[in-house]
Amino acid sequence: MKNTLSILTVPAFDDNYLWLIHDGAHAAVVDPGDAAPVLAALAAHHLVLSAILLTHHHADHAGGVARLLEHASVPVFGPAHEQIPGVSQALRQDDSVSVPGLGLRLSVIEVPGHTRGHIAYFAPQQHWLFCGDTLFAGGCGRLFEGTPAQMLNSLDKLAALPDDTAVYCAHEYTLSNLRFALEVEPGNQVLLERIKTEQAKRARGIATVPSRIGMEKQTNPFLRSREATVIARLLACGKIPAVQDEVRHFAALREWKNHYR
Ligand code: ZN
Ligand code: FE
């Protein structure tokens, strides 16, 4: 019996990662924006699809569902607060999912902000986090449907997970995120070291994802918006007129990133 789970990185589009969790026989896919690379990976590794897990409704995360369902009739898990075609199991905060075929338990964390109903999946035994477009390595998702207060609260929930939690986010945005992080915290030594490490990975064509929650807490400005150094920098760069409340600070940081090139 195979019960050691591992995760395959399936690149898609320009910079998406689709995650294939498998035990050598069965596989669950997280956020299949495109079916083709998923089907190719399943075939290459002799895996049978047993479940689809969705974090939010955007096409680069859910666009491959219909075609995958033509190949395999499997349960599709997704957020209760979004309407996504194909979803058969609607999930809410603190729901527990037993992933079919894998014996993997995942707990559901509602993380609105990028979209209204965005959810993340946390594996309490493995310390894996699948967080879609909420927390990125070195950054966070844009606020398309939610408010800064919601996103700050969502990121706080993720930051509360164990430091060794592996963060499987959905995009390879790390280097540009860290360039912005350095603009915010030019004196952060851990960040400077991280940039070197991640640049070396990219130079060798290696994914920088997953990262770890502990590293994110030390280097990701969006998990650090309450740090005195970050608030001082927001003031010095004219991003806030005066010291305000934590939500305004976070909003100013997100706004700054939106326009940063
Ligand atoms: Zn998205
Ligand atoms: Fe996305």
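Going by the structure above, here's the rest.
This text gives an overview of the structure that appears in the document. What you see is a predicted model; the values in this text were computed from it and never measured. (Residues numbered from 1 in each chain as written. Chains lettered and ligands numbered in written order. Predicted model: local features only at pLDDT ≥ 70, side-chain atom pairs only at ≥ 80, totals over all residues. Heavy atoms only, no water.)

1. Quick word on the coordination of the iron ion (ligand 2)
For the iron ion (ligand 2), the full set of protein donor atoms is Asp-60 (OD), His-61 (NE2), Asp-133 (OD) and His-171 (NE2), and the range of their distances to it is 2.1 to 2.3 Å. Coordination at the iron ion (ligand 2) comes from 4 donor atoms whose angles at the metal span 85 to 164°, giving a geometry best classed as irregular. Sequence positions of the residues that donate to the iron ion (ligand 2) give the spacing D-H-x71-D-x37-H. Between the iron ion (ligand 2) and the zinc ion (ligand 1), both coordinated by Asp-133, there is a metal-metal distance of 3.3 Å. Taken together, the residues Asp-133 in the loop between strand S10 (128-132) and strand S11 (135-136) and His-171 in the loop between strand S13 (166-169) and helix H5 (174-184) connect sequence positions 38 residues apart. The pair Asp-133 / His-171 is uniform in exposure class, with both members buried. (Donors = N, O, S within 2.8 Å, 3.2 Å for Na, K, Ca; no water. Tetrahedral: all angles 85-135°; square planar, octahedral: opposite > 155°, others 65-115°. Helix = DSSP H or I, 4+ residues; strand = E, 2+ residues; numbered from the N terminus. Buried < 20%, exposed > 50% of the residue type's maximum accessible area, 1.4 Å probe, protein only.)

2. So, the environment of Cys-131
Inspection of the secondary structure puts Cys-131 in strand S10. Cys-131 sits 41 residues away from Glu-172 along the chain, and the two C-alpha atoms are 13 Å apart. The residues contacting Cys-131, other than those within four sequence positions of it, are Thr-55, His-118, Ala-120, Leu-158, Val-167, Tyr-168 and Cys-169. (Contact = heavy atoms within 4.5 Å.)

3. Some remarks on the sheet that holds strand S8 (residues 104-110)
Taken together, the 6 strands give an open sheet; going across it, the order is S7-S8-S9-S10-S13-S14, and neighbouring strands pair in mixed fashion. Edge positions in the sheet fall to strand S7 (96-99) and strand S14 (211-212), since each has one partner strand and no second. Against the sheet, helix H4 (residues 148-159) contacts S8, strand S9 (119-123) and S10, and its axis sits at roughly 150° relative to S8. (Pairing = 2+ DSSP bridges. Axes fitted to C-alpha atoms, helices over the stretch in contact; angles between N-to-C directions.)

4. A few points about the pairing of strand S2 (residues 16-22)
Within a regular strand, the side chains alternate between the two sheet faces. Counting buried residues in S2 gives 7 out of 7 residues, a clear majority hidden from the surface. The two faces of S2 match: Asn-16, Leu-18, Leu-20 and His-22 on one face and Tyr-17, Trp-19 and Ile-21 on the other face are all buried. Bridge count for strand S1 (residues 6-12) against S2 is 7 bridges, and the pairing is antiparallel. Bridging from a neighbouring strand, Pro-11 pairs with Tyr-17 of S2. Here S1 folds back onto S2, and the loop between the two strands holds 3 residues, one of which, Phe-13, carries a positive phi near 50°. Pairing of S2 with strand S3 (residues 26-30) involves 4 bridges; the strand directions are antiparallel. Among the inter-strand pairings, His-22 is bridged to a residue of S3, identified as Ala-27.

5. A closer look at the packing of helix H8 (residues 228-236) against helix H9 (residues 246-259)
Contact geometry for H8 and H9: axes closest at 11 Å, N-to-C directions at 60°. Taken together, H8 and H9 sit at an angle that is classed as oblique. In this structure, the crossing between H8 and H9 has a hand that is left-handed. Contact residues: Val-230, Ile-231, Arg-233 and Leu-234 in H8; His-249, Ala-252, Leu-253 and Trp-256 in H9. In the contact of H8 with H9, the residues fall into 6 nonpolar, 1 polar and 1 charged. (Parallel < 35°, antiparallel > 145°, perpendicular 65-115°, else oblique. Left-handed = near helix turned anticlockwise from the far one by under 90°. Nonpolar A, V, L, I, M, F, W, Y, C, P; charged D, E, K, R; others polar.)

6. A short note on the layout of surface pockets
In this structure, the largest pocket spans a volume of roughly 320 Å³. As for the largest pocket, its lining consists of 18 residues, and the residues nearest its centre are Phe-136, Arg-142, Tyr-173, Arg-254 and Lys-257. Secondary structure elements with two or more residues in the lining of the largest pocket: H5 and H9. With 4 residues, H5 is the largest single contributor of residues to the lining of the largest pocket. (1 Å grid on protein atoms, 1.4 Å probe; cavity = no way out; pocket = protein on both sides within 12 Å on 5 of 7 lines; lining within 4 Å. Points joined across faces, edges and corners; volume = space filled by probe spheres on them.)

Keep in mind these values describe shape, not function.
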